[in-house]
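# Observations on the three-dimensional arrangement
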Amino acid sequence: KAQLYLVEAAHVKAVVGRDRIRRNKDALRELHCLQEILADLHAGRVGRAGKPGSRDAAEAAADVWVELRGAALDRALCAESLCEVS
């Protein structure tokens, strides 16, 4: 069964294309990040009901993310590859 799975996975990669698979994985990572942000907003941890300074920190983080994505595009990399993730 394991060998069959590998053959099927190779077939899917050949049909769909590695670039499209990579873009879908990147989009999924970004979606997870956005879901975490929305969960924080919903819980009141950021925004008007959050701690003082939280909104400024969130806006600063969003600005850094935009700059990071721009740098990643210039280098033809994904943004996550430009920073350490712990």
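Residues numbered from 1 in each chain as written. Predicted model: local features only at pLDDT ≥ 70, side-chain atom pairs only at ≥ 80, totals over all residues. Heavy atoms only, no water.

## Concerning the pattern of salt bridges
Put simply, the rule is: By salt bridge we mean one thing: a side-chain nitrogen of Lys or Arg within 4 Å of a carboxyl oxygen of Asp or Glu. Comment: elements are numbered from the N terminus, with helices defined as DSSP H or I runs of at least four residues and strands as E runs of at least two. Exposure categories follow from relative accessible area, calculated using a 1.4 Å probe and restricted to protein chains: below 20% of the type maximum is buried, above 50% is exposed, and the middle band is partly exposed.
Counted according to the given criterion, the structure contains five salt bridges. In this structure, Asp26 engages Arg22 in a salt bridge whose closest nitrogen and oxygen atoms are separated by 3.2 Å. Taken together, the positions of Asp26 and Arg22, both in helix α2 (residues 18-43) and four residues apart, correspond to about one turn of that helix. Judged by its relative accessible area of 19%, Asp26 falls in the buried class. Judged by its relative accessible area of 43%, Arg22 is partly exposed. Across the pair Arg69 and Glu30 runs a salt bridge, and its minimum N-O distance is 2.8 Å. Linking Arg69 in helix α3 (residues 54-75) with Glu30 in helix α2, this pair joins segments that are 39 residues apart in sequence.

## Some points on helix α1 (residues 2-16)
Since the α-helix turns once every 3.6 residues, residues separated by three or four places project in the same direction. For clarity, the threshold we go by: Multiply 1.5 Å by the residue count of a helix minus one, and that product is the helix's expected span.
Relative to the 21 Å expected for 15 residues at 1.5 Å per residue, α1 spans 21 Å between its end C-alpha atoms, a close match to the ideal helical length. Burial runs low along α1: only zero of the 15 residues are buried. Just downstream of α1 lies Gly17, where phi reads positive at about 100°.

## Things to note about the confidence of the model for the protein
Basically, it comes down to this: One confidence number per residue, pLDDT, is output by the predictor and ranges from 0 to 100.
For the protein, per-residue confidence averages 79 on the pLDDT scale, and residues scoring 70 or more make up 79% of the total. Put simply, α3 is where the protein has its lowest mean pLDDT, 81, and α1 is where it has its highest, 86.

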